[in-house]
Amino acid sequence: MRGLTDTLAKAAEHEQLVFLCSFQKEESVILDELLGAAPHTRVVTIDTGVLFPETLQTWRAFEERFGVHVDVEDAAGPWTGPEHCCGDAKVAALERALSGADAWITGIRREQSPTRANAQPVEWDEKRSMWKYNPLADWTERDLWKRIHERDLPYHPLHDQGYASIGCAPCTQPGTGRDGRWAGTDKVECGLHVA
């Protein structure tokens, strides 16, 4: 489909490549193609210590289906609400994950939110001085679900319960786009993808 294969082929040219994985539908679609194109990719997740049990279940399903080991960067600590936890702790974990990397891959899609509407398949990450690949930038929800069903890919069960985007259990509720993340607040990004 649009952009995925070509973008991952470009990303594969980097020797030190990191894929940031949160076990959502986007990551399932990417992993399905990524490991064939770039088996040297380091797959990393950020564990805040307050993930849904279903996220941990999906994590295991991804490792089994794709035959990949997922490295963990710990962002756990005392949970004090979305205004504190998912800023500094998650960003510090991301910086550790990207240490020594030439480039990173994300599941960002333009359709997810206004803050992501201008995402390009390939971007220069000024903050980290490396390339950032968003191979699903122009994919729609429909595109994702078509691929998941065509290939019988594992996906997070909370997607079937109205959660379009899934973060930590205390802050996430069902919603379209990223509306369910930090429900009841004006927050739309955790800090990982803010320039």
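Residues numbered from 1 in each chain as written. Predicted model: local features only at pLDDT ≥ 70, side-chain atom pairs only at ≥ 80, totals over all residues. Heavy atoms only, no water.

Asks: Hey, could you run me through the environment of G49 in this one?
Replies: Relative to the helices and strands, G49 resides in the loop between β2 (42–47) and α3 (53–66). Each C-alpha atom of the pair G49 and D74 lies 7.8 Å from the other, and the pair is 25 residues apart in sequence. (Helix = DSSP H or I, 4+ residues; strand = E, 2+ residues; numbered from the N terminus.)

Asks: Is there a simple way to explain the sheet that holds strand β3 (residues 70–74) in this structure?
Replies: What holds strands together in a sheet is hydrogen bonding between their backbones, with the strands either parallel or antiparallel. With mixed pairing, six strands are arranged side by side in an open sheet as β3-β2-β1-β4-β6-β5. Edge positions in the sheet fall to β3 and β5 (122–125), since each of these pairs with one other strand and no more. Put simply, the sheet's adjacent strands are angled 30° from each other on average, direction ignored. Pairing of strand β4 (residues 103–105) with strand β6 (residues 130–133), which is carried by three bridges, proceeds in the parallel orientation. The residue of β6 that forms the bridge with A103 is W131. (Pairing = 2+ DSSP bridges. Axes fitted to C-alpha atoms, helices over the stretch in contact; angles between N-to-C directions.)

Asks: Hey, could you run me through the packing of aromatic side chains in this one?
Replies: Two aromatic rings are characterised by how far apart their centres lie and by the angle between their planes. Here the structure, examined in full by the defined rule, presents six aromatic pairs. Taking the centre distance of 5.2 Å and the plane angle of 15° together, the rings of F23 and W59 count as stacked. Here F23, found in the loop between β1 (17–20) and α2 (25–37), pairs with W59, found in helix α3; they are 36 residues apart in sequence, far enough to count as distant. Each member of the pair, F23 as well as W59, is classed as buried. (Phe/Tyr/Trp six-rings, centres within 6.5 Å; stacked < 30°, edge-to-face > 60°. Buried < 20%, exposed > 50% of the residue type's maximum accessible area, 1.4 Å probe, protein only.)

Asks: What should I look at first to understand the pairing of β5 in this one?
Replies: Here is the key point about a regular strand: its side chains alternate between the two faces of the sheet. Across four bridges, β5 lies against β6 in antiparallel orientation. Within β6, the position partnered with V122 by the bridge is Y133.

From the geometry alone we can't say anything about function, so treat these as descriptive.
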